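Spelled out from the first residue to the last, the chains are:
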Amino acid sequence: MTGSPPTASRPELRFGILGPMRVEAHGGSLDAGPRKQQIVLAALLCHANSLVSVDALAEALWLGSPPRTARKNIQVYLSTLRGVIGTGPGPRIRHQTGGYVLHVEPAELDSLCFEQLVRDAGRLRRVESPAAVAEALAGALSLWRGKALDGMRDVPLLASAAKRLDRQFLAAIEDWAEAEIEMDCGASMVERLAEVAQQHPLRERLRILQMTALCQAGRQPEALAVYDEMRRALAHELGLSPSSALESFYQSVLRGHVPAIRTASRPPRRLPWDPPNFTGRTETTRQLTDAVARGKHRLVVVTGPLGTGKTALAVHAAHQLGDRFPDGRFFVRLHDADGRPRPVEQVVAEFLPPTLLQAAWRGRPDDQLLTGRRWLERHRALVVLDDARRESEIRPLLPETGDSAVIVTARSRLASLDAFRLTIPPLSVHAALEFLQETIGARRVAADPHSAERIVLATGLLPLGLSLVAERLALLNHVPLREYAARLTGTPSLLDELNAGETTIRLRLAEAISELPRPARQWVARLGMLSGAVFTLSEAAAVLDADERTAVRVLESLLEASLITVPGTETFAHAVRYEMPPLTYAYAREMAAAQAGGSGVR
């Protein structure tokens, strides 16, 4: 390898987890103490600059059987570690609510330095020659001293982090090999790629790179043998045939022609357009892309009430994650426009290569799902599953192993799935006003900011309501904002105003509530009898005609369905202030009025 990591401002203290864990100061090794203390340090390093909960540390140390003194023991380990690693510019290890954070700079921790160099290489790929990309990646790979966290991978928390780092290492190896091959230096890569391919025999991109390197070295028969080896392994272990890309590459080698490596491995992208007016979601976008890109979570569930922009966020994030998923990014709607679940073959067809798809169509639905899942397990692809209603719709599609990732959008939290959950809050008032002025003009908003704020607040600061209001105001450019704000004040007129072509809030709300069990639909209607959208447990119990214990269960079921929300602060159940999003509350009021008039709750 020709590159090396940056050394301009080498810190006095350095941590390493890309190999056996180590701590160095002034060029010498530091003793991190007994094994349990080392586990605590390794856990903090694996999640550097992020909170690691006390419960997670206890689980790592005692594997589900912590002693009564667990918290005290952890405090002792951390106190000793503070003495070992010092403070730096400020406290290295900080206590925060529920856990601890270890603060390090990228140059102080080899895994952070590695990730930075890989990101730099990604940016160079767009503007520089392959030589610059190869040099940056070589520097990143030179930081590895063996298997990540070698000797500590028997601890589940650390094993999970180590596997994430392994995936990043493998992706970097492939990117580095690709850059070298683009410079016709494949002959020098043959042995290195053979070594890595032996450990990952079913990784298609790696095998294509190995075959290309062999061809550049004039060893075409060996390249054909690599294909045959993978074909037999796929058939034996997974019951699958090589993908169309690998088969096409093989046929080219048979004809004596080696296609350009980027042409052979160009990933498909089947995503809707990136939302043009996407705004106010910088932090949630960062959380989502970080969770997926770092490999911390292979399944992410994006939840929130109707109209929060779950789909727009997932699509926006998928556009930003292109470099991380060389085998493609796909958007899959799980339901038709009328709300019916799509057939299995239509769902699988959104991401399965054509050759496998034809074979899958001839099988049973269960076989089609199995083929799709196995393809994801042996590739590195990103799939957005949009508008999941229940776990059973998506569980058969989820890969159990491999490097693919799945983002699911759902109103329900899908609580039984083992996933990272990101709940989208309403926009801030500032972001909502920015959204409004992009459509109707900054001058119009600036002329009457008070009325503009009343308008965005009336929509509950939800992107769907804001977009409909903005389009309505753009049409009614002769109507003063003060007058339009007054229109939205009355609950019935609020839903009347939010119309845009075939999109109506009532239709969307009716669909969401119709999916609830009948008792839950009646609960929503009864909550519409409340005098306001913000209420307490006792107020809810009164309109539900139930005791507080029963009311708590009712409200928690509606929380699960994202029909009500609570502030993000921990408190006692009886002191919680619940909130029904303004649009949902307006519809609930209409349901309550219909029920009072004898129409019942539908």
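Every chain is numbered independently, its residues counted from 1 as its sequence is written. Reporting of local features is limited, given that this is a predicted model, to residues whose pLDDT is at least 70; pairs of side-chain atoms are given and counted only at 80 or more, and all residues count toward the totals for whole chains, interfaces and linings. Values shown for side chains rest on all heavy atoms present in the structure; no hydrogens or waters enter the calculation.

### Considering the overall build of the protein chain
Counting secondary structure elements, the protein chain contains 28 helices and 16 strands. Within the span of the protein chain, comprising 602 residues, buried residues form 50% of the whole. Two residues qualify as a contact provided that any one of their heavy atoms is within 4.5 Å of a heavy atom in the partner residue. Pairs at least 24 residues apart make up 67% of the contacts formed inside the protein chain by residues separated by at least 6 positions. As displayed, the protein chain has an accessible area near 28,200 Å², and 51% of this comes from carbon and sulfur atoms. For helices the rule is a DSSP run of H or I covering at least 4 residues; for strands it is a run of E covering at least 2, with both sets numbered from the N terminus onward. Remark: exposure states derive from per-residue accessible area (1.4 Å probe, protein chains only) relative to the maximum for the residue type, with buried under 20%, exposed over 50%, and partly exposed in between. Here the Shrake-Rupley method, with its probe set to 1.4 Å, supplies the accessible areas, and only the displayed protein chains count as covering residues.

### Examining the environment of Ile 85
Checked against the element boundaries, Ile 85 lands in helix 3 (residues 70–85). When its relative accessible area of 7% is taken as the criterion, Ile 85 is described as buried. With 72 residues separating them along the chain, Ile 85 and Leu 13 place their C-alpha atoms 7.7 Å apart. Apart from residues no more than four positions distant in its own chain, Ile 85 is found in contact with Leu 13, Phe 15, Val 23, Arg 92, Ile 93 and Leu 102.

### As for the sheet that holds strand 10 (residues 382–388)
Here, strands pair whenever DSSP counts at least two bridges between them. One open sheet accounts for six strands, arranged 7-9-10-11-8-12; its pairing is parallel. Every other strand in the sheet has two partners, leaving strand 7 (269–270) and strand 12 (420–423) as the edge strands with one partner each.

### A word on the pairing of strand 1 (residues 13–16)
The side chains of a regular strand alternate between both faces of the sheet. Judged by which residues are buried, strand 1 turns out to be covered on both faces: Leu 13 and Phe 15 on one side and Arg 14 and Gly 16 on the other are all buried. Alignment of strand 1 against strand 2 (residues 22–25), held across four bridges, turns out to be antiparallel. Residue pairing in the sheet places Arg 14 in a bridge with Glu 24 of strand 2. Count of turn residues in the strand 1/strand 2 antiparallel hairpin: five residues, of which Gly 19 carries a positive phi of about 135 degrees.

### Quick word on the layout of surface pockets
With a 1 Å grid laid over protein atoms only, a set of points is called a cavity when a 1.4 Å probe fits there but cannot get out and a pocket when it is open yet has protein on both sides within 12 Å along at least five of seven lines; lining residues have an atom within 4 Å of a point. Grid points are joined across faces, edges and corners, and a volume is the space filled by probe spheres set on the points. Looking at the second largest pocket, its volume works out to about 1,200 Å³. In terms of lining, the second largest pocket is formed by 40 residues, of which the most central are Arg 167, Arg 298, Glu 400, Thr 401 and Gly 402. Ranked by residue count, the leading element in the lining of the second largest pocket is helix 6 (residues 156–182), at eight residues. Here the lining of the second largest pocket is built from residues that sort into 12 nonpolar, nine polar and 19 charged. Side-chain classes are defined by residue name, with Ala, Val, Leu, Ile, Met, Phe, Trp, Tyr, Cys and Pro counting as nonpolar, Asp, Glu, Lys and Arg as charged, and the others, Gly among them, as polar.

### Focus: the packing of helix 25 (residues 518–527) against helix 26 (residues 537–544)
Packed helices, taken two at a time, are described by their axes: the angle between them and the distance between them. Fitting a line to C-alpha atoms yields each axis, with helices limited to the stretch in contact; the angle taken between N-to-C directions then spans 0 to 180 degrees. Axis separation between helix 25 and helix 26 bottoms out at 9 Å; the angle between their running directions is 110 degrees. The angle between the axes of helix 25 and helix 26 places the two elements in the roughly perpendicular class. Classified by chirality, the crossing of helix 26 by helix 25 is right-handed. Here helix 25 contributes Trp 523, Arg 526 and Leu 527 to the contact with helix 26, which in turn contributes Ala 540, Val 543 and Leu 544. Partitioning the contact of helix 25 with helix 26 into residue classes produces five nonpolar, no polar and one charged. Roughly parallel means an angle under 35 degrees; roughly antiparallel means over 145; roughly perpendicular covers 65 to 115; every other angle is labelled oblique. Helix crossings are classified by the rotation of the near helix relative to the far one: an anticlockwise turn of less than a right angle makes the crossing left-handed, while a clockwise turn makes it right-handed.

### As for the pairing of strand 8 (residues 299–303)
Taken across its five residues, strand 8 has five buried, putting it largely inside the fold. The side-chain alternation of strand 8 yields two buried faces, one formed by Leu 299, Val 301 and Thr 303 and the other by Val 300 and Val 302. The pairing of strand 8 with strand 11 (residues 405–410) spans five bridges and is parallel. Residue pairing in the sheet places Thr 303 in a bridge with Ala 410 of strand 11. For strand 8 and strand 12, the ladder comprises four bridges, and the chain directions are parallel. If you follow Thr 303 over to strand 12, its bridge partner there is Thr 423.

### A few points about the nonpolar core
The term nonpolar core refers to a set of buried residues drawn from Ala, Val, Leu, Ile, Met, Phe, Trp, Tyr and Cys, joined through side-chain atoms within 4.5 Å. Ranked by size, the top nonpolar core spans 91 residues in total, and within it Ile 74, Phe 114 and Leu 158 carry the most contacts. Sequence-distant contacts of Phe 114, defined by excluding residues within four places in its chain, comprise Leu 18, Ala 140, Leu 141, Leu 143, Trp 144, Gln 168, Phe 169 and Ala 172. Membership of the second largest hydrophobic core comes to 63 residues, among which are Ala 470, Leu 555, Ala 561 and Ala 586.

### Details of the packing of helix 24 (residues 505–514) against helix 28 (residues 582–596)
In the contact formed by helix 24 and helix 28, the axes pass within 10 Å of each other and the chain directions differ by 80 degrees. What the angle tells us is that helix 24 and helix 28 run roughly perpendicular. On helix 28, the residues touching Ile 505, Arg 506, Leu 509, Ala 510 and Ile 513 of helix 24 are Leu 583, Thr 584, Tyr 587, Glu 590 and Met 591. A breakdown of the residues in the contact of helix 24 with helix 28 according to their chemical character gives seven nonpolar, one polar and two charged.

### A short note on the environment of Glu 453
Turning to its location among the elements, Glu 453 is positioned in helix 20 (residues 449–458). Glu 453 sits 17 residues away from Leu 436 along the chain, and the two C-alpha atoms are 9.8 Å apart. Once residues lying within four places of it in the same chain are set aside, the contact partners of Glu 453 are Val 429 and Leu 433.

### A short note on the packing of aromatic side chains
Two rings from Phe, Tyr or Trp (for Trp, the six-membered ring) form a pair when their centres sit within 6.5 Å of each other. Planes less than 30 degrees apart are called stacked, planes more than 60 degrees apart edge-to-face, and all others tilted. As enumerated under the stated definition, the model contains seven aromatic pairs in all. Consider the rings of Phe 114 and Trp 144, whose centres lie 5.6 Å apart with planes at 80 degrees: the pair is edge-to-face. Of this pair, Phe 114 sits in helix 4 (residues 110–127) while Trp 144 sits in the loop between helix 5 (130–141) and helix 6, and the two are 30 residues apart along the sequence. Exposure class is identical for Phe 114 and Trp 144. Each is buried. Between the aromatic rings of Trp 144 and Phe 169, the centroid separation amounts to 4.6 Å while the plane-to-plane angle is 50 degrees, which identifies the pairing as tilted. With Trp 144 in the loop between helix 5 and helix 6 and Phe 169 in helix 6, this pair connects stretches of sequence that are 25 residues apart.

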